Amino acid sequence: MAELMDSDCSCPVREELSNLSFQELQELQNKVGLKVYNQVVSGSGEKQHKESRQRPRKGRPQEMSSKKPVPFLRNTATVKKRVVRDPRFDDLSGDYNPEIFEKSYSFLTDIRSHEKTKVKQLLGTVSRPDRKQELEYVLQRMTEQDKARESKRQERERLKRFKQEQRQRVAEGSRPYFLKRSKLRELALADKFQALRRSSKVDVFLGKKRKRNAMKDRRKLPWPKAQ
């Protein structure tokens, strides 16, 4: 009976059923079931089967029967996970070496110097107070960034000299000495003192230092009571 239902032409089937007696039709209905029997008699089995497989819209999911139990482990489509690689923290990028970085991007120093000169020239031609204040802030930031880069470069130079001295001492048979942060600050102050001494600005620096210390001490003094 299923083969008859799946066939394209159902008219001969209905004609054949019309020649059967009521008892034979009842036996056939009990044998194939009421649903299949009604589909064959009405001739809408193939049409309903095709309509059930078609979707109203292409993007709409296919409707599933609620009578069919859902499996515990569903067969889902595998989606390729997008892997985002950050070159700053990836091992494929290698270790960061400041000296190699400065040599590779040394042209940025000339660009910064050119931009700083341009800001200074523009600052002399601007008359608006708000625009002038903005340019002064930009110039101050550039100056501070240059000082910070120079300070880091000097610190690397001090560490490099210290390591060379330690290698030489170890080669001579002495024990290695590991540099502490306090010792590193002392070396930085010593280099700064030597730089001020070469530029004859030691007295000016010490005078400013004394003023700052005096202001700090003055803040710690108790206020005189009002009489």
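Values in this document were obtained by computation on a predicted structure and should not be read as measured data.

(A) Highlighting the overall build of the chain. Assigned secondary structure in the chain consists of 10 helices and 0 strands. Each helix (α) and strand (β) of the chain, taken in turn from the N terminus, gives the series α-α-α-α-α-α-α-α-α-α. Contacts in the chain between residues at least 24 apart in sequence constitute 41% of all its contacts with a sequence separation of at least 6.

(B) Molecular detail of the nonpolar core. Membership of the largest hydrophobic core is limited to 6 residues, which are V119, L123, V126, L135, L139 and M142. Elements represented by at least two residues in this core include exactly α7 (107-125) and α8 (129-172). Sorting elements by how many residues they give to this core places α8 first, with 3 residues. If near-sequence neighbours (up to four positions away) are discounted, M142 is found in contact with E115, K116 and V119.

(C) Quick peek at the packing of α8 against helix α9 (residues 181-198). In the contact formed by α8 and α9, the axes pass within 11 Å of each other and the chain directions differ by 115 degrees. Classified by the interaxial angle, the pair formed by α8 and α9 is roughly perpendicular. The way α8 lies across α9 gives a crossing that is right-handed. Where α8 approaches α9, its residues E155, R158, L159 and R161 are matched on the opposing element by L184, L187, A188 and D191.

(D) Seen up close, the environment of F178. By secondary structure assignment, the location of F178 is in the loop between α8 and α9. Distance in space between the C-alpha atoms of F178 and Q166 is 8.7 Å, their sequence separation being 12 residues.

(E) Region of the structure containing the side chain of Q166. Along the chain, the position of Q166 falls in helix α8. Sequence-distant contacts of Q166, defined by excluding residues within four places in its chain, comprise R175, P176 and Y177.

(F) Structural detail: the packing of aromatic side chains. For the structure on display, the rule yields 2 aromatic pairs. A ring pair is formed by F101 and Y105, whose centres lie 4.8 Å apart and whose planes are at 35 degrees; its orientation type is tilted. For Y105, a relative accessible area of 42% corresponds to the partly exposed category. Judged by centre distance (6.0 Å) and plane angle (45 degrees), the rings of Y105 and F107 are tilted. Put simply, the rings of F101, Y105 and F107 pair up and form one aromatic cluster.

(G) Quick look at the pattern of salt bridges. Applying the stated criterion to the full structure yields 7 salt bridges. Linking R156 and E102 is a salt bridge whose minimum nitrogen-to-oxygen distance equals 2.4 Å. Taken together, the positions of R156 in helix α8 and E102 in helix α6 (residues 98-104) put the pair 54 residues apart, joining distant regions of the chain. Among the residues examined, E102 registers a relative accessible area of 37% and is labelled partly exposed. The residue E144 makes a salt bridge to R141 at a minimum N-O spacing of 3.8 Å. On the criterion of helical spacing, the pair formed by E144 and R141 is a turn pair, its members being 3 residues apart in helix α8. Look at E144 and you get partly exposed, because its relative accessible area is 39%. For R141, a relative accessible area of 38% puts it in the partly exposed group. Via salt bridges that share partners, K116, D146 and R149 belong to a single interconnected network.

Cut-offs applied
- Residues numbered from 1 in each chain as written.
- Predicted model: local features only at pLDDT ≥ 70, side-chain atom pairs only at ≥ 80, totals over all residues.
- Heavy atoms only, no water.
- Helix = DSSP H or I, 4+ residues; strand = E, 2+ residues; numbered from the N terminus.
- Contact = heavy atoms within 4.5 Å.
- Core = buried A, V, L, I, M, F, W, Y, C linked by side-chain atoms within 4.5 Å.
- Buried < 20%, exposed > 50% of the residue type's maximum accessible area, 1.4 Å probe, protein only.
- Axes fitted to C-alpha atoms, helices over the stretch in contact; angles between N-to-C directions.
- Parallel < 35°, antiparallel > 145°, perpendicular 65-115°, else oblique.
- Left-handed = near helix turned anticlockwise from the far one by under 90°.
- Phe/Tyr/Trp six-rings, centres within 6.5 Å; stacked < 30°, edge-to-face > 60°.
- Salt bridge = Lys/Arg side-chain N within 4 Å of Asp/Glu carboxyl O.

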